[in-house]
Amino acid sequence: MRRLSVMCGALLLGALMISAQQGLTLQVQLNYTGSGTVDDSHKIYVALWDSPGFTDNSAPPVEVKATASKNGTVTFSDVKKVPAYVSAAYDPTGKWDAQSPPPSGSSVGMYSKAPPKPDPINITPGKAAKVTITFDDTNKMP
């Protein structure tokens, strides 16, 4: 009986270690209600951050995904650290590659109930977290 308990414990520990090594999934629904045209040239970029400090440009995003729809969805399928944070920026120029801060005049938003303070997103292993970012042309990059 003791041997069986040890084997079950070892299997459980192994399963926990495997699930801890697998990435977590975060799905971000966007609702851009601004006046800009969103298409293949003028995308909305969603940045995944591992710290709320992104608001002061102190670190680059962990990952960036794009959508060509005002009501698009992006999925980050390998989130490594929780809580996670997300922000969005619309590219009005059609020339931004999201490898630098958004260009002047870009409409921006974040997952938050009280901007400019970002809300943390906790993700449960095995279950995709789903959040929505709704933004318009109210907040723009200087």
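Above: the structure in question.
Below is a short write-up of the structure. (Residues numbered from 1 in each chain as written. Predicted model: local features only at pLDDT ≥ 70, side-chain atom pairs only at ≥ 80, totals over all residues. Heavy atoms only, no water.)

### What about the layout of surface pockets?
This is how the line gets drawn: Using a grid of 1 Å spacing that covers the protein atoms alone, one calls a set of points a cavity when a 1.4 Å probe fits there but cannot get out, and a pocket when the set is open and has protein on both sides within 12 Å along at least five of seven lines; lining residues are those with an atom within 4 Å of a point. Grid points are joined across faces, edges and corners, and a volume is the space filled by probe spheres set on the points. Counting from the N terminus, the helices are DSSP H or I runs at least four residues long and the strands are E runs at least two residues long. Side-chain classes follow a simple rule in which Ala, Val, Leu, Ile, Met, Phe, Trp, Tyr, Cys and Pro form the nonpolar group, Asp, Glu, Lys and Arg form the charged group, and the remainder, Gly included, forms the polar group.
Space inside the largest pocket adds up to approximately 760 Å³. Along its surface, the largest pocket is lined by 32 residues, and Phe54, Ser87, Pro102, Val108 and Met141 are the ones closest to its centre. Broken down by element, the lining of the largest pocket gets its largest block of residues, four residues, from strand 2 (residues 44–49). For the lining of the largest pocket, a count of residues per class yields 21 nonpolar, nine polar and two charged.

### What about the side chain of Asp119?
Basically, it comes down to this: Polar contacts, as counted here, are pairs of nitrogen or oxygen atoms within 3.5 Å of one another; within protein the pair requires one atom able to donate a hydrogen and one able to accept it, and residues that are adjacent in sequence qualify only if both atoms are side-chain atoms. By the convention used here, residues are in contact when the closest approach between their heavy atoms is within 4.5 Å.
Its location among the elements puts Asp119 in the loop between strand 6 (108–110) and strand 7 (129–135). In this structure the side chain of Asp119 is engaged in a polar contact, spanning 2.8 Å, whose partner is the backbone nitrogen of Lys113. Every residue in contact with Asp119, bar those within four places of it in the chain, is listed here: Ala84, Tyr85, Tyr111, Ser112 and Lys113.

### Some words on the sheet that holds strand 2
We apply this condition: Note on pairing: two strands pair once DSSP finds at least 2 bridges between them. Each axis is a line fitted through C-alpha atoms, and for a helix only the stretch in contact is used; angles between axes span 0 to 180 degrees, taken between their N-to-C directions.
In spatial order, the strands read 3-2-5-6; together these four strands make up an open sheet with antiparallel pairing. Single-partner strands in this sheet number two, and they are strand 3 (63–67) and strand 6. Across the sheet, the mean angle from the axis of one strand to that of its neighbour is 20 degrees, orientation sign disregarded. Of the strand pairs in this sheet, strand 2 and strand 3 are connected by five bridges, and their pairing is antiparallel. The residue of strand 3 that forms the bridge with Leu48 is Glu63.

### Here's the deal with the environment of Thr33
Inclusion rule: For the exposure calls, accessible area comes from a 1.4 Å probe over protein chains only, and a residue counts as buried if that area is under 20% of its type's maximum, exposed if over 50%, partly exposed in between.
Along the chain, Thr33 falls in the loop between strand 1 (24–32) and strand 2. Look at Thr33 and you get exposed, because its relative accessible area is 57%. For Thr33 and Phe135, which are 102 residues apart along the polypeptide, the C-alpha to C-alpha distance reads 6.3 Å. Residues within four places of Thr33 in sequence aside, it is in contact with Phe135 and Asp136.

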